[in-house]
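Spelled out, the chains give:
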Amino acid sequence: MSLFKARDWWSTVVCNKEEFDQGCLCVANVDNSSSGQDKIIVGSYMGFLRIYNPHPAKPGDPMQAEELLLETQLREPILQVEVGKFVSGTELLHLAVLHCKKLCVYAVSGTLGNTEHGNQYQLKLMYEHNLQRTACNMTYGPFGGIKGRDLICIQSMDGMLMLFEQESYSFGRFLPGFLLPGPLTYSSRTDSFITVSSCRQVESYKYQVLAFATDASRQETEQQKLGAGRKLAVDWILNIGEQALDICVVSFNQTVSSVFVLGERNLFCLKDNGQIRFMKKLDSSPSCFLPYCSVSEGTINTLIGNHNSMLHVYQDVTLKWATQLSHVPVAVRVGNFQDLKGVIVALSDSGCLQCSYLGTDPSLFQAPKVEARAINYAEYDAEMNKLQKIIKEATKTKDVLLRSEKNEELALSVEVLTALDSVSKAVDSEVKAEVVPSVTVKIKLESRRTPLKTKLTVCVQPPLAVTRDKFILELETAKSKTVVLSAFLKGNCPPADLEGSAFASYSTPTGIPRVAQCKFRFPLKLVCSSAQPSKTANQKLTIDTNKPPVNLINLFPDFADKADEDQLNAVGFQLLAGSKITVLASKSSQRYRIQSEQFEDIWLIAKELVLRLEKHFRKRNCKDFACTFSDPIPLQEYFEIIDHHFELRLNAAKYEQLLSERAIQFRAIQRRLLARFKDKTPAPLQHLDTLLEGTYRQVIALADAAEENQANMFQAFSKLKSATQLVILLISLWQKLSADQVAILEATFLPLTQDTQELGWEESVDASVSHLLKTCLSKSSKDHALTLANQLSIPKDTNRLKKHITLLYDRLAKGGRMSLNTDTDSQQLTMLPGSCDTIPESDLEDRPSSQDSTTMFTNHKHLTKQKTEPDLPQDELQEAEKP
């Protein structure tokens, strides 16, 4: 930041709702007054033209009404304003205003007022030119070396230079190789036009070359339609390697002139012949510039404004002054006002007009004399020790490490209402049901010590959704705020999890970022409703307990039908986007059966059953309650879901490849058609248009098929996560795994929250399972050093994955346990009994192919449980299924 600020001499805000650019500012004696004082002319994109004559009584005084000489609204946006000798027969200055489709030249005159209202200024139209092409910018000068008048050259958006000899149109020429318009200026010493093309080249064209070329109105127009303008002879070309913001020509004297080009990162100074005099790399992004002659002979001063609201003054390449402005300038000029020469006039894109000068205020402060005194080192040491203790307390690790909940600056709690909303707040739901229920979630945040600015994010797993998931809250000290939102089922498939999380991010007073997290669970009624129990089902699972069976109506009071109060051992559930599930309780044995038509739909009900059983016996202070699973693990059904999901992934890859091929074909046909259309001699299309239409239809059909496959893959991935959660639950009940081991299984089989083509579920799980087999479930401790160096990519099939999953379950059945500590794993492997030795992975390949993975795994269930209880008797099942 500059040490000096621009000294404000006069300033005003032109308008708050208008836009301005570098061509909208001009400083000149536009009214031809005898005093020779400059006036400020400002035009805006809204079509307003204003003329100011600043004359403050003291520097910094607010603008007076009489300082605005003229304000009028023209019909079109003003692109550029210039002042010059534009009217024939007189050398007085006139105002040229460039619109998009029109060039107007005005005379500004003033009339002395006889009353206190002051002088009156008028704008008189001298002539105008209607443009056939959309204008971009213009320049003026004594083209061809004429004396006493200025001609105007306008550059159009399509690269045509239109030259006007005051009241008449002279000629027009197209620039060769034109793509986008650039800045344009005129050099009177070489009588040439200088511009910067879209090829990042500075190009110079002689006026005489343009004048003697073929008229653009005849042959050039036809050639421009065909994409090839007339090749004009370029005087010289210089590649600067960047786009130019502005260009200006400054003359030292009649024999020497320089061309200044302001780039995006550099300032270039060129000679008349295109050679570089010097170049200056800028420290910040420039916004405008103005070169002018220096008092030192042979040097040029340059004002450069940048986007940091700074104005730098360079003498050639040397920075002479840096000053701070109150805005980012888009145009800067130098003028003379009230015998004050060299006033800097700057205009911002929002209309802040400022007249300033460079300088500083003298400092009148004098430092007081310091009294000499003896230094007390003991006092300084005590003060230093005290300060070091304060610093040590402030930089303790307690602000970085986790702290207890009582010491947190922010308290976060979530309450999910048990009752569903009376009026559903579900929006854009894809579920094909009459009413999609929603539940209200209340999130409470409280700042305990200091005011906090908190960002709250609510995350739920699709297909669940919330009405709003992001909040920005300003929390006051010791006051709480409650955020209310609703959750509902948006996708047309059952969710794999009913849990959600709320994250509140904030910064402590010491500037350390922290995050508070709170998890919550939605009620089961959000995704399913009560239904009549079903007698038959394809998929059945039986969960054993060590306590007498519980009345299912008491266990699921929110799903018990009043009409079936006598039926105490059967409850039915109907998923909103799934099948029907039935839960049966045995009267004599301690078993519960869950059955459904779809394997993955059992997961939510099975998890809810286990949670409610544990809660039921926990209320009765029963600490030894346990659920077990002794039936074969249904691997075959699980593998079918994996194969279905993998097949959809392969289809997505095929659709992507076909779309790429059809897109290449479509672009090739377009190029051939474009070449035929550009050809001067018409030729038959040879059915290229028919081929283009057919390819377009194929692209649209493939895109629709790919989109449908993507939706099916999303549902398949949700079902795969549900089936995976169910298999993990059954394994944990079967092997009585601890919470840490269940967490390892979940991290292994559920590594992704979203499935993509670049990284899918199959390769991720295969890598995770292989890592477990080579570390904590390996045959010997030597395998712990093995690492997976293969890059993850979509496999050819799922045979390898299914073999690894079966091998993982096989080793768990033989007594293997999972741990993330390699030292513990080595001790555990050495202590395993002989009957639980892990088997090598190659054993899978030695087994006969007729014995499938499911049969092989179910044979090992007797290794951990020698005696199994009989299944539910058939008569009990029939009795439980009776209404």
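These numbers come from a predicted model, not from an experiment.

(A) Representation of the nonpolar core within the structure. Counting residues in hydrophobic clusters, the biggest one holds 103 residues, and the most contacted among them are I443, L445, F522, F573, Y638 and F749. At 11 residues, the largest contribution of residues to this core is made by helix α7 (residues 688-735). In this structure, V30, L69, L70 and L74 belong to the second largest nonpolar core, which totals 18 residues.

(B) Representation of the sheet that holds strand β16 (residues 192-196) in the model. The strand order across the open sheet formed by four strands is β15-β16-β17-β18, and the pairing between neighbours is antiparallel. Of all strands in the sheet, those bounded by a partner on one side alone are β15 (184-187) and β18 (236-239). Here the strands of the sheet are splayed against their neighbours by 20° on average, with no regard to which way each runs. As paired strands, β16 and strand β17 (residues 201-206) are joined by five bridges and run antiparallel to one another. From the neighbouring strand, F193 faces β17, where its bridge partner is Y205.

(C) Highlighting the confidence of the model for the chain. Per-chain confidence: the chain averages 82 in pLDDT, with 84% of residues scoring 70 or above. Overall, residues 217-230 carries pLDDT values under 50, and its contacts beyond four positions in sequence, including any with other chains, amount to 21 contacts. Here residues 822-883 scores under 50 on pLDDT; set against residues more than four positions off or in separate chains, the count is 100 contacts.

(D) Examining helix α10 (residues 799-813) more closely. Helix length check: α10, at 15 residues, gives a terminal C-alpha distance of 21 Å against a target of 21 Å (1.5 Å per residue), a fit within 8%. Inspection of α10 places L801, K802, H804, I805, T806, L807, L808, Y809, D810, R811, L812 and A813 among the buried residues, and these make up the whole buried set.

(E) Representation of the side chain of T748 in the model. Its location among the elements puts T748 in helix α8 (residues 739-749). With a relative accessible area of 5%, T748 lands in the buried category. At 2.7 Å, the side chain of T748 forms a polar contact with the backbone oxygen of I744. If sequence neighbours within four positions are ignored, T748 has contacts with V765, S768, V769 and L772.

So, how was this worked out
- Residues numbered from 1 in each chain as written.
- Predicted model: local features only at pLDDT ≥ 70, side-chain atom pairs only at ≥ 80, totals over all residues.
- Heavy atoms only, no water.
- Core = buried A, V, L, I, M, F, W, Y, C linked by side-chain atoms within 4.5 Å.
- Buried < 20%, exposed > 50% of the residue type's maximum accessible area, 1.4 Å probe, protein only.
- Helix = DSSP H or I, 4+ residues; strand = E, 2+ residues; numbered from the N terminus.
- Pairing = 2+ DSSP bridges.
- Axes fitted to C-alpha atoms, helices over the stretch in contact; angles between N-to-C directions.
- pLDDT = per-residue confidence, 0-100.
- Contact = heavy atoms within 4.5 Å.
- Expected span 1.5 Å × (residues − 1).
- Polar contact = N/O pair within 3.5 Å; in protein donor to acceptor, adjacent residues only side chain to side chain.

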